[in-house]
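Below, each chain spelled out in residue letters.
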Amino acid sequence: MIRPPENRHNRSASFLFLAMFAAACGGGGGGGGAATSTVAGEVRVPEVAPAVLAAEFDPTLPMVPEEVVVWLDQGKDPLDLACDGFDLLRSGGPIAVYRAQAAGGRSSLRDGAVLAASVERATCDAAARMRTRPGVRHVSPNWLLQRTAEPNDTYYDKQWHYPQINLPQAWDLTQGSTSVIVAVLDTGIVSAHPDFAGRFVNGYDMISSATAARDGNGRDADPEDEGDLATPQGSSFHGTHVAGTIGANGNNGVGVAGVDWNCKLMIVRVLGQGGGTIDDIANGILFAARLPNASGQLPTQRADIVNMSLGGPGLSAVLEQACDDAAAAGVLLVAAAGNDASSQANSPAAFSSVLSVGACDLVRAPAPYTNTSPTIDLWAPGGDMGVDRNGDTYPDGVLSCMADDQGGLFYAFENGTSMASPHVAGVAALVKAANPALTAAQIRNVLLATAGNGNGLPNSGGLVDALAAVQSAQGGGASLPLLVATPAAIDFGASGTAGTVTLENRGNGTLTQTGFTFSTAAPWFSGILSDATAANGIDLDSLAITIDRTGLANGVYATRLTIEYQDASMANYAVDVEVRMQVGASTTSTDTIYVLLVNPDTLESLFETSTTAGSSFAFAFGGITTGEYLLVAGTDRDNDGIIGDDGELFGAWPSLDAPQAITVTGGVNSTGLEFGMEDFAGVAAAGNRPRPTFRRKS
């Protein structure tokens, strides 16, 4: 999976918290009561540090200051994490949002704060700390994703973008079905617009902040767009424009036509003033998929397709998990690739469970603003407001429904990948209408397999073709190839050097291998592709992989191998294989971990035990007397009798940053105490304040 950036937080700050806690804590350990107790648990020890997979939480990205969003393991109570420097703000379904106390009272980078002292840095640090705790599957700052379209002046004109994707011909076959639901995750909707009459099913306003929602409350069942004040000239009403492209009423003599004239629109409001948070967007996805979410509400019927004309840099594992769960529930997710004119991968478009859409202009070439990430799956008209290539006196934007802050209802041109994505979502709805039996995965395959040629689209990209897609769907999709790699991911661990992946076409048609690409350069990888039956295309072929670790530094290395094929009509297909391996054994495999119970006033070690990998780093103290203790653990690799110094692993219960005293009551055992450890190698940077260390008892 792709992981969110992680930030190695300032370790010295952790020990400042420890020292402050020790000074304030009363009732030191070793009270000498007659009855004794057992203290037991397990230490979580880090593996060898990743060399390629690691990244950092980026404090310069837009976020909600002080907020950390967490995807909890199944059955984990959000209140269990509402301690040690974190306040629970809200929770619902698998997602919980916490306020990081350490970030409180700090200034923002936008207000001129120094990065190291900023609220953004403190929020990232807090997210990194939360990640080490039991029951936390994914965590990140509550990033703000932005709408991907840029507002422009309003114009009226023909919708040149529909003939570009053979949509009028597709309308001869189907104009959509009322049984198909498309969810629009965006700024909400101006429901009074005349081109939406009769098209809505119940949606939801998932914006948790009343300030951002501008409706006087938090989450509620009314997804009406109250305006986002996106520019000094007014609000974007971005969701209304996007919804119009997907499903404005067609052939009704009013305004414009949407791609699908009959599908139902489920409006889920997730973008407000300033953008949308990971928390709100992830819960919006779960709502649309009819999965447990923070609203406590579920739609009567889940959406078939979700359009997300939103995104931003920074890949959130929480958001990816929501997308993965929605896809597993049978939803096709479509998202805008972004308008940064870069090759970076954005959330949520870059996730493998999401169909990523880039934007092309009137001549089918990449629009000047579009991102060109290799993760883009499909291309569609996004327009270019900077030119008038067809000479109609209007800029070449995408025309759709629009509103303004004064209550005006009209039509306007916009450009962006936000305009491209709803074209694909609308065509997907037509495909579903043409063949209701198709699953989301099959619809995705139809769209990709039938994509047409663009004009120099990056990475051999294809332009969505509505006619070809609908024709294929009406044929049942059975003639389409279906590429499968078994296994789809192969991990060589620390010692494996060879493995085999089987490749097959479980659909129909003849495919010929044409090339391969790597997501990350992998000079350590070599492979030989063997054709089971020579010269007949793919049948039950195999890829023999060999790994060479020579000269590589210790760490974890990974790449995604994309193997490319073509059918007889020169249509492109591909299958991905994830490859991962490790150099060097875990540095913890031979470590002895010393676990101490420490007087919280004097920091004197009162009880000691040890544990190793052979016992899964479990520990147990017996005969502990009544009192209060700090529970700490660490290695002593230099045999100086000290834990917590440089070059050592060290941890404290329940976390380094906000340790708590354990109260031992005579005859009452304290078990199941689990906490993580961190590597202190190389942290003695200039300017770091001293941290306490602990002397072993023996």
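Computed from a predicted model, the values in this text were never measured in an experiment.

Please explain the overall build of the chain as it appears in this structure.
Each helix and strand in the chain was counted, giving 10 helices and 37 strands. Within the chain, the fraction of its 698 residues that count as buried is 55%. Residue pairs in contact within the chain that sit at least 24 positions apart in sequence constitute 73% of those at least 6 positions apart. Of the roughly 26,400 Å² of accessible surface on the chain, a fraction of 50% belongs to carbon and sulfur atoms.

I'm lost on the packing of aromatic side chains in this one. Help?
Two numbers describe a pair of aromatic rings. These are the distance of the centres and the angle of the planes. By the definition in use, this model includes 10 aromatic pairs. Geometrically, the ring pair formed by Phe-518 and Phe-525 is edge-to-face, given 5.1 Å between the ring centres and 70° between the ring planes. Note on Phe-525: relative accessible area 12%, which makes it buried. A centroid spacing of 5.7 Å and a plane angle of 10° characterise the contact between Phe-650 and Phe-694, whose relative ring orientation is stacked. Of this pair, Phe-650 sits in strand 33 (residues 649-652) while Phe-694 is found in strand 37 (residues 694-695), placing the two residues 44 residues apart along the sequence. In this structure, Phe-650 and Phe-694 share a single accessibility class: buried. Pairwise contacts between aromatic rings join Tyr-162, Trp-171 and Trp-261 into one cluster.

Would you mind showing me how to read the pattern of salt bridges here?
Think of it this way: side chains of opposite charge can pair up when their charged atoms draw near. Counted by the stated rule, this structure contains 15 salt bridges. Note that Lys-76 and Asp-80 form a salt bridge whose closest N and O atoms lie 3.7 Å from each other. Looking at Lys-76, the relative accessible area reads 23%, which means it is partly exposed. Look at Asp-80 and you get partly exposed, because its relative accessible area is 42%. Residue Arg-133 is joined to Asp-84 by a salt bridge in which the shortest nitrogen-to-oxygen separation is 3.9 Å.

Definitions and cut-offs
- Each chain has its residues counted from 1, following the order in which its sequence is written.
- For this predicted model, a pLDDT threshold of at least 70 governs which residues receive local features, and a threshold of 80 or more governs which side-chain atom pairs are given and counted, while totals over whole chains, interfaces and linings are taken from all residues.
- To obtain the side-chain values, all non-hydrogen atoms of the structure were included, while hydrogens and water were left out.
- Helix numbers and strand numbers start at the N terminus; a helix is a DSSP run of H or I with at least 4 residues, a strand a run of E with at least 2.
- Exposed residues in this analysis have more than 50% of their type's maximum accessible area, buried residues have under 20%, and partly exposed residues fall in between, with area computed by a 1.4 Å probe over protein chains only.
- Contacts between residues were defined by any pair of non-hydrogen atoms, one from each residue, lying within 4.5 Å.
- Accessible areas in this description were obtained via Shrake-Rupley with a 1.4 Å probe; residue shielding takes into account the shown protein chains only.
- Two aromatic rings from Phe, Tyr or Trp, using only the six-membered ring of Trp, form a pair when their centres are within 6.5 Å; if the ring planes differ by under 30 degrees the pair is stacked, by over 60 it is edge-to-face, and anything between is tilted.
- A pair is scored as a salt bridge if a Lys or Arg side-chain nitrogen falls within 4 Å of a carboxyl oxygen belonging to Asp or Glu.

These values are about where atoms sit, not about what they do.
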